Amino acid sequence: MASVWVAQGGFPPQAPTDPYVRALAHAVYNGLALAPTYHRAFDNGLIYITEDYRMRINPAKEGELHALNLSDGIEGFKAPLGAIFLPPDKRQRPRPELIRKANRFRMIAG
């Protein structure tokens, strides 16, 4: 997803894994580089990251979309989800404790 942004000469906005820790707001390990649609989906809890660095759909939110008859295109949306690209420097990767905290905040069972 992020490669499209880089090819266009820019970088995607950062989606903080834990947006409520002011001191970490701009730390590399507290963010994900996501395309705008996936950034909004992450912020709204439709997608989340697992502690083994995989992007997943939130089944509860997906169910809400189906119940509201708003799920057209969901399969195409889910197609690129899976393992995320990680920085080679492990210190810059999303921290598992921040992933857990973000998932709890978004009420994602884990």
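Look up a bit, the structure's there.
Residues numbered from 1 in each chain as written. Predicted model: local features only at pLDDT ≥ 70, side-chain atom pairs only at ≥ 80, totals over all residues. Heavy atoms only, no water.

Considerations on the overall build of the protein
Reasoning step 1: Looking only at helices and strands, one finds 5 helices and 4 strands in the protein.
Reasoning step 2: Long-range contacts, defined as pairs at least 24 residues apart, comprise 52% of the intrachain contacts of the protein with a sequence gap of at least 6.
Reasoning step 3: Accessible area for the protein stands at about 7,100 Å²; split by element, carbon and sulfur atoms hold 58% of it. (Helix = DSSP H or I, 4+ residues; strand = E, 2+ residues; numbered from the N terminus. Contact = heavy atoms within 4.5 Å. Areas by Shrake-Rupley, 256 points an atom, 1.4 Å probe, with all protein chains shown as cover.)

Quick word on the pattern of salt bridges
Reasoning step 1: This structure, assessed with the given rule, holds 4 salt bridges.
Reasoning step 2: Linking Arg100 and Glu51 is a salt bridge whose minimum nitrogen-to-oxygen distance equals 2.6 Å. Note that Arg100 is positioned in helix H5 (residues 96–105) and Glu51 in the loop between strand E3 (47–49) and strand E4 (55–57), a separation of 49 residues in sequence.
Reasoning step 3: Where Arg91 meets Asp89, a salt bridge forms, and the shortest distance between an N and an O atom there is 2.8 Å.
Reasoning step 4: It is possible to trace a salt-bridge network through shared partners that takes in Glu62, Glu75 and Lys78. (Salt bridge = Lys/Arg side-chain N within 4 Å of Asp/Glu carboxyl O.)

A word on unusual backbone geometry
Reasoning step 1: If you check the backbone angles, Tyr53 has positive phi at about 65 degrees while not being a glycine.
Reasoning step 2: With respect to the secondary-structure elements, Tyr53 resides in the loop between E3 and E4.
Reasoning step 3: With relative accessibility at 17%, the residue Tyr53 sits in the buried group.
Reasoning step 4: The phi torsion at Asn69 lies on the positive side, around 55 degrees, for a residue other than glycine.
Reasoning step 5: Considering the arrangement of structural elements, one finds Asn69 in the loop between helix H3 (59–67) and helix H4 (74–78). (Buried < 20%, exposed > 50% of the residue type's maximum accessible area, 1.4 Å probe, protein only.)

Regarding the nonpolar core
Reasoning step 1: If you look at the biggest cluster of nonpolar residues, it comprises 16 residues, and the most contacted ones within it are Tyr38, Ile47, Ile57 and Phe77.
Reasoning step 2: Going through the elements one at a time, helix H2 (36–43), E3, E4 and H4 are the ones with two or more residues in this core.
Reasoning step 3: Broken down by element, this core gets its largest block of residues, 3 residues, from H2.
Reasoning step 4: Residues in contact with Ile57, not counting those within four places in the same chain, are Leu46, Ile47, Tyr48, Glu62, Ile74, Phe77, Lys78 and Leu81. (Core = buried A, V, L, I, M, F, W, Y, C linked by side-chain atoms within 4.5 Å.)

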